[in-house]
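Architecture at a glance
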Amino acid sequence: MTGLTRRNLLGGAALAVVAALPQAARAAAPIVGQQAPAFYRYKIGSYELTAIHDGVWMRDVDGTFVRNAPWPAVQKAMADAHMAPGKLAIPFTTLLVNTGSKLILIDTATGGQLAATAGAFGANLAAAGIDPKQIDTILISHFHPDHINGIKTKDNAVVFPNAEIKVPAAEWAYWMDDANMGKTPEVARPAWLNVRRIFGDIAARIGKFEPNKEVAPGITSIAAPGHTPGHTVFAIASGNQSMLALGDTTNNPLLFVRNPDWHAIFDTDGAMAAGTRKTLLERATVDRMLVQGYHFPFPASGHIIKTGAQTYDLVPAMWQPSL
Ligand SMILES: [Zn+2]
């Protein structure tokens, strides 16, 4: 027995003990300056899902960002969400579904071609123990560059050599139509040229699907137009569990789940996007369904709760140490 009491712990006896510890025990740890690999696993029925993070784009935003709300209202919502003034965090998280016999990837991240702070998908996929060659199927929600650019490197090398790539038929019809591209203002042209860069020389490999089809085992396409004309959400079901992969139904939820009527500058048809958004958020609320959002904070899944007649919020999923 050392006979330590609170009184002598605080007194000279305890100080003497500390002084006697070897110096190494008090050495400073080096500053690391980087995160652990960002992937996160969870289950839906017997399926194992892995959220694979690609990074975050800190995008400058101004009064043009939300088309139908006054800039001070947007600034207030950003401040309420503890965002830096004029800087919107847009995280990117893809979803890998392992059915037990197939590996299915929903959207492909930025390919490191959009922002210096994004492009970690490949490293995080490797850290999760998956080789791009193993992926059997890629499902695409829509054709914006942050969802399709991972199909190729910036030098146009194919990243997933063995995957069948399936895209919404309506999305293909819209973006691959040269007349539509011709009607687009010059400033928006790069997105159209990017679609041709990604798909042009692999068009024969691309499958097109319609809404309400089983596009992979247990995965059903749901039309969610507005963000883009063919924007698609995926319902994933296994056993008696199911969830919705919402794609870009909302951008950052701290703005657009809380304010589902807002028309972000990214939405092709703002009013249609808002209608789709409210329908899907309401469904997620009523069904108490787990949802994943491509631009939700990592690991980009959680539940939607109702906060008003037509306002909602995200309750992020709690990190679980085991499946
Ligand atoms: Zn997006």
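In this text, all values refer to a predicted model and were calculated from it rather than measured experimentally. (Residues numbered from 1 in each chain as written. Predicted model: local features only at pLDDT ≥ 70, side-chain atom pairs only at ≥ 80, totals over all residues. Heavy atoms only, no water.)

Considering the coordination of the zinc ion
Protein ligation of the zinc ion involves Asp146 (OD), His147 (NE2), Asp248 (OD) and His295 (NE2), the donor distances falling in the range 2.1 to 2.2 Å. Of note is the zinc ion, whose 4 donor atoms meet at the metal with angles of 89 to 170° in an arrangement that counts as irregular. Site description for the zinc ion: donor spacing in sequence, D-H-x100-D-x46-H. By relative accessible area, His147 is classed as buried at 0%. (Donors = N, O, S within 2.8 Å, 3.2 Å for Na, K, Ca; no water. Tetrahedral: all angles 85-135°; square planar, octahedral: opposite > 155°, others 65-115°. Buried < 20%, exposed > 50% of the residue type's maximum accessible area, 1.4 Å probe, protein only.)

Describing unusual backbone geometry
Omega for the peptide link from Phe298 to Pro299 comes to 5°, which places this bond in the cis form. You can see Pro299 is positioned in the loop between β12 (290-292) and β13 (301-306). A positive phi angle is found at His82, which is not glycine, with a value near 60°. Within the element layout of this structure, His82 appears in the loop between α3 (71-80) and β3 (87-98). Here Ala109, not a glycine, exhibits a phi torsion of approximately 70°, which is positive. You can see Ala109 is positioned in the loop between β4 (103-106) and α4 (121-127). For Ala109, a relative accessible area of 0% gives the class buried. (Helix = DSSP H or I, 4+ residues; strand = E, 2+ residues; numbered from the N terminus.)

Observations regarding the pattern of salt bridges
This structure, assessed with the given rule, holds 12 salt bridges. Between Arg189 and Glu186 there is a salt bridge, with the nearest N and O atoms lying 3.9 Å from each other. Two residues, Arg258 and Asp313, come together in a salt bridge whose shortest N-O distance is 3.2 Å. In this pair, Arg258 sits in the loop between α9 (253-256) and α10 (270-287) while Asp313 sits in strand β14 (residues 312-316), placing the two residues 55 residues apart along the sequence. (Salt bridge = Lys/Arg side-chain N within 4 Å of Asp/Glu carboxyl O.)

What about the side chain of Asp107?
Tracing the sequence through the fold places Asp107 in the loop between β4 and α4. Within the buried core, Asp107 has no salt-bridge partner, and the shortest N-O distance to an opposite charge, that of Lys166, equals 14 Å. For Asp107, the side chain forms a polar contact with the side chain of Ser141, separated by 2.8 Å. Polar contacts involving the side chain of Asp107 include one to the side chain of His147, which spans 2.9 Å. Discounting residues that sit within four places of it in the chain, Asp107 has contacts with Thr94, Leu139, Ile140, Ser141, His142, His147 and Tyr294. (Lys, Arg positive; Asp, Glu negative; His and termini not counted. Polar contact = N/O pair within 3.5 Å; in protein donor to acceptor, adjacent residues only side chain to side chain. Contact = heavy atoms within 4.5 Å.)

Observations concerning the side chain of His263
Structurally, His263 can be placed in the loop between α9 and α10. A distance of 3.4 Å separates a polar side-chain atom of His263 from the backbone oxygen of Gly270. Not counting the four nearest positions on each side in its chain, His263 is found in contact with Phe65, Val66, Arg67, Asn68, Gly270, Ala271 and Ala274.

As for the layout of surface pockets
Estimates place the volume of the largest pocket at around 810 Å³. In terms of lining residues, the largest pocket is bounded by 29 residues, among which His144, Ala188, Ala191, Ile265 and Phe266 are the most central. Sorting the residues of the lining of the largest pocket by element identifies β2 (47-60), β3, α5 (145-148), α6 (169-175), α7 (178-183) and α8 (189-199) as the ones contributing at least two each. The leading source of residues in the lining of the largest pocket is α8, at 4 residues. (1 Å grid on protein atoms, 1.4 Å probe; cavity = no way out; pocket = protein on both sides within 12 Å on 5 of 7 lines; lining within 4 Å. Points joined across faces, edges and corners; volume = space filled by probe spheres on them.)

A closer look at the sheet that holds strand β5 (residues 137-139)
Spatially, the 7 strands line up as an open sheet ordered β1-β2-β3-β4-β5-β6-β7, and their pairing is mixed. A single partner strand is all that each edge strand has here, and the edge strands are β1 (39-44) and β7 (206-209). The average undirected angle you get between the axes of adjacent strands in this sheet is 25°. Across 12 bridges, β2 lies against β3 in antiparallel orientation. Along β3, the bridge assignment pairs Val56 with Pro91. (Pairing = 2+ DSSP bridges. Axes fitted to C-alpha atoms, helices over the stretch in contact; angles between N-to-C directions.)

Looking at α3
Within the span of α3, buried status applies to Val74, Ala77 and Met78. Here the buried residues of α3 occupy an arc of 100° about the axis, which is enough to place them on one side. Among the exposed residues of α3, those pointing more than 90 degrees away from its buried face are Pro72 and Lys76. One or two residues past the end of α3 sits His82, with phi positive at roughly 60°. (Arc of directions from axis to C-beta.)

Re the packing of aromatic side chains
Using the criterion set out here, one finds 14 aromatic pairs in the structure. A connected cluster of aromatic rings, assembled from ring pairs, spans Phe65, Phe256, Trp262 and Phe266. (Phe/Tyr/Trp six-rings, centres within 6.5 Å; stacked < 30°, edge-to-face > 60°.)

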